[in-house]
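Fold and geometry: a report
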Amino acid sequence: MDTQLKDYLLRTVRIGVLVTVAVVGLLVVLPWLPGTPVADRTTYLVVVAVTAAGALVVGRVPWPSIIDRGWGHHLLYLWSIGDILLVTALLVPTGGADSPLFWTYALTTVFFAASYPLSGQGTLVALTVACYLAVGAVTDTMPAVADVVERLVLLGLIAWMCSFLSRELLDAASGHAAARDRAERHAALLAQVADSARHVHDLDPERAKLAVLTALDRLGFHTAALVVRVDDVGYRVDAATGWPEDCQDDVIPMDVGVVGEVFRTGRTIMLEEYPGDDRSVASIRDQGIVEFVAVPIHLDGVVVAVLLGGTATRGLVQQDHAGEFELLASFAAQAMENADRFRAEREAHERLAALDAMKTDFLATVSRELRTPLTVIAGAGRMLAAEWDSIDDRTRQELLVQSNASVDHLSRVIRTMLDLSAMQAGELRPDIGPVDLGGLVTTVLDGLVDDLDRHQVVVQGTADVVVLADRGLLARVLDDLLRNVALYTPAGTLVAVTARPVDGDVELEVLDRGPGIPRAVLEGLGTPFLRAGQINTRGRGLGLGLAMAKETLRLHGREMVITSTPGLGTRVRLTLPAAATPPTGRTVRRSLTA
């Protein structure tokens, strides 16, 4: 088994055992807590004891040797099935299908979604659903259909997200390991080359180029240059020693001179008489050069560069020495390729680190974003179920309002995640048509009266303006932008929504005079799941609003530009195609101050 996969499975087992121990500790204490859902303590404690014994057995299993023998996944499947059955057994004495311990299924789901292939995940998800429905049928405690659907859908989404992230991490880690192995094999090969070229093999691109030129200098050349292609239309000096600096940026057409001939033919050219009238090497005419060599550097069968050398010493460039110069050029090609691979490996490592950080942030944020409304819903449901006859109608109404608001929030989060994923996958296409911008702005603002009731909102230039856009997507973009303003600016902040014609388009601007956004934060805005601040200190949300806005504008063939000055406010400009109807330039001022 692959070493990385084995290490991953061993770490997964270790975390699974620790989580099981923590859950057992909670389950032992639960029956003696106020408001405990445990109805049958005897049955409950028997199941807890079996769970503890199972955790002890799993912890004592010699996992490294079992995984090496190929039995690891089979035993992991048995463990997961046993955990699902134990969680199912715990539901019976704690309220059946309506038990708050239902969410313990989420722990088993995360475990098998992170550990098994998709086929195994699907089987275990199906087993979880079947066990849950069986508990409801046996105990006659099945909740409302909407509650059941909600729970199972959220459980499925947890499985999907964890499965996606674990696969991404494993793929990235495998790619990183493969790139590292290739670089190490290549470095070992380079270590065996001729001693005269050992200094060429530097993993830094600039130092590798300098080492190639220095090697020519040691061979007695007074000037050396590395010439590279420029978009297949010409070439220029990329690095040089003994070459006039004011000539290094000149781009020479590909059909000119000896260097151009080497690029075209891929053959080495050695001249025992310096071509003084050749434009490709004219810049070193006054340096006493008498002999000259131009050697192609091949990568993947293509001439990507030419190594030039000029010397004032007679007899240094001889036709039977061509093989030596070509060997040096091959060292240069290997050095350049090795430097590119090392750079790619470093970039892959940086991407892997960024992906790992994003995964951690994403899981923490999503967990909090889902847990908070679920806690509200569960709390309201339990209170209504337990205290229905003892609470007044007003309290019932408040609990229902809170529960419905949390359901709406969950729905909005999930819909945004799915829509953004569909946009990026090309599965969501905008339904573009004429949109009355003034009416759209009014509709959006009417829906945000409670959010902006302490802000002064000014609308200008939107009357009689018609743009070509998807009305629903554009409304969501504007709604997200204004919600951000309401959330991140203090009461009394001036907010201006302005439209103006610009080169056949309409520029829609949302301006606020709030505290502004720091430059370091501004650079990352619009990146999915990237939000400012630490997990425990920033506001609610997944940071998908601006990512949705950016993707929506891309689907319209236009762009979104965000500028901000700390202390002076933030300006967001959306460019949209204009329809036939021109703007009138009228100004509408609306104050939402309560």
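The structure this text deals with has already been given above.
What this report covers is the structure whose coordinates are included nearby. All values derive from a computational prediction rather than experimental measurement. (Residues numbered from 1 in each chain as written. Predicted model: local features only at pLDDT ≥ 70, side-chain atom pairs only at ≥ 80, totals over all residues. Heavy atoms only, no water.)

**Some words on the environment of Val230**
Following the sequence through the fold, Val230 ends up in strand β1 (residues 223–230). Relative accessible area serves as the criterion here: at 18%, Val230 is assigned to the buried category. With 21 residues separating them in the primary sequence, Val230 and Val251 have C-alpha atoms 7.6 Å apart. Discounting residues that sit within four places of it in the chain, Val230 has contacts with Tyr235, Arg236 and Val251. (Helix = DSSP H or I, 4+ residues; strand = E, 2+ residues; numbered from the N terminus. Buried < 20%, exposed > 50% of the residue type's maximum accessible area, 1.4 Å probe, protein only. Contact = heavy atoms within 4.5 Å.)

**As for the packing of aromatic side chains**
One pass over the structure, following the stated rule, counts four aromatic pairs. Aromatic side chains Trp160 and Phe164 sit 6.5 Å apart centroid to centroid with 25° between the ring planes, which places their arrangement in the stacked category. Linking Trp160 with Phe164, this pair stays in helix α7 (residues 145–190), spanning four residues, or about one helical turn. Classification of Phe164 by relative accessible area gives partly exposed; the value is 38%. Considering the side-chain rings of Tyr235 and Phe263, the 5.6 Å spacing of their centres and the 25° angle between planes classify their relative orientation as stacked. (Phe/Tyr/Trp six-rings, centres within 6.5 Å; stacked < 30°, edge-to-face > 60°.)

**Description of the sheet that holds strand β3 (residues 252–253)**
Spatially, the six strands line up as an open sheet ordered β3-β2-β1-β6-β5-β4, and their pairing is antiparallel. Since the sheet does not close on itself, it has two edges, and those belong to β3 and β4 (269–271), each with one partner. Sheet analysis places β4 next to strand β5 (residues 291–299), joined by three bridges and oriented antiparallel. Within β5, the residue paired with Ile269 across the bridge is Ala294. Against the sheet, helix α9 (residues 257–265) makes contact with β1, β2 (234–241), β4, β5 and β6 (302–311), and its axis sits at roughly 145° relative to β6, the strand it touches most. (Pairing = 2+ DSSP bridges. Axes fitted to C-alpha atoms, helices over the stretch in contact; angles between N-to-C directions.)

**Comments concerning a nonpolar patch on the surface**
A cluster of nonpolar side chains, Ile15, Leu18, Val19 and Leu107, forms an exposed patch at the surface whose accessible area comes to about 350 Å². No other element matches the three residues that helix α1 (residues 3–29) contributes to the nonpolar patch. Assignment of secondary structure puts Val19 in helix α1. On the basis of relative accessible area, Val19 is assigned to the partly exposed category, the value being 33%. (Patch = residues over 30% accessible without salt bridge, like charges linked within 9 Å, V, L, I, M, F, W, Y side chains within 5 Å. Areas by Shrake-Rupley, 256 points an atom, 1.4 Å probe, with all protein chains shown as cover. Salt bridge = Lys/Arg side-chain N within 4 Å of Asp/Glu carboxyl O.)

**What to know about the packing of helix α12 (residues 437–446) against helix α13 (residues 471–488)**
In contact at an axis separation of 10 Å, α12 and α13 are set at 50° when each is read in the N-to-C sense. As summarised for this structure, α12 and α13 are arranged oblique, according to the angle between their axes. Handedness of the α12/α13 crossing: right-handed. Of α13, the residues touching α12 (which contributes Leu437, Gly439, Leu440, Val441, Thr443, Val444 and Leu445) are Arg471, Leu474, Ala475, Leu478, Asp479 and Leu482. Considering only residue class, the contact of α12 with α13 consists of nine nonpolar, two polar and two charged. (Parallel < 35°, antiparallel > 145°, perpendicular 65-115°, else oblique. Left-handed = near helix turned anticlockwise from the far one by under 90°. Nonpolar A, V, L, I, M, F, W, Y, C, P; charged D, E, K, R; others polar.)

**Quick notes on the side chain of Ser163**
As for its position among the elements, Ser163 is in helix α7. Judged by relative accessible area, which is 2%, Ser163 ranks as buried. Not counting chain neighbours up to four residues away, the residues in contact with Ser163 comprise Ala113, Leu118 and Gln121.

**What to know about the packing of helix α5 (residues 104–115) against helix α6 (residues 118–139)**
Axes are the key here: two packed helices are described by the angle between their axes and the distance separating the axes. One can describe the packing of α5 onto α6 by two numbers: an axis separation of 10 Å at closest approach and a directional angle of 165°. For the element pair α5 / α6, the angle class is roughly antiparallel. By crossing handedness, the relation of α5 to α6 is classed as right-handed. Across from Tyr105, Phe112 and Ala113 in α5, the residues of α6 making contact are Gln121, Leu124, Val125, Thr128, Cys131 and Tyr132. Of the residues that constitute the contact of α5 with α6, the class distribution is seven nonpolar, two polar and no charged.

**Observations concerning α13**
Spanning 18 residues, α13 covers 26 Å between terminal C-alpha atoms, matching the ideal 26 Å at 1.5 Å per step. Measuring from the backbone nitrogen of Gly472 back to the side-chain oxygen at the start of α13 gives 3.1 Å, which picks out Asp470 as the cap. (Expected span 1.5 Å × (residues − 1). Polar contact = N/O pair within 3.5 Å; in protein donor to acceptor, adjacent residues only side chain to side chain.)

**A look at the pattern of salt bridges**
If you walk through the whole model with that rule in mind, you get 11 salt bridges. A salt bridge links Glu398 to Arg394; its shortest N-O distance comes to 3.5 Å. With Glu398 and Arg394 both in helix α11 (residues 393–424) and four residues apart, the pair spans about one turn of that helix. Judged by relative accessible area, which is 65%, Arg394 ranks as exposed. Note that Asp479 is salt-bridged to Arg483, the shortest N-O span being 2.6 Å.

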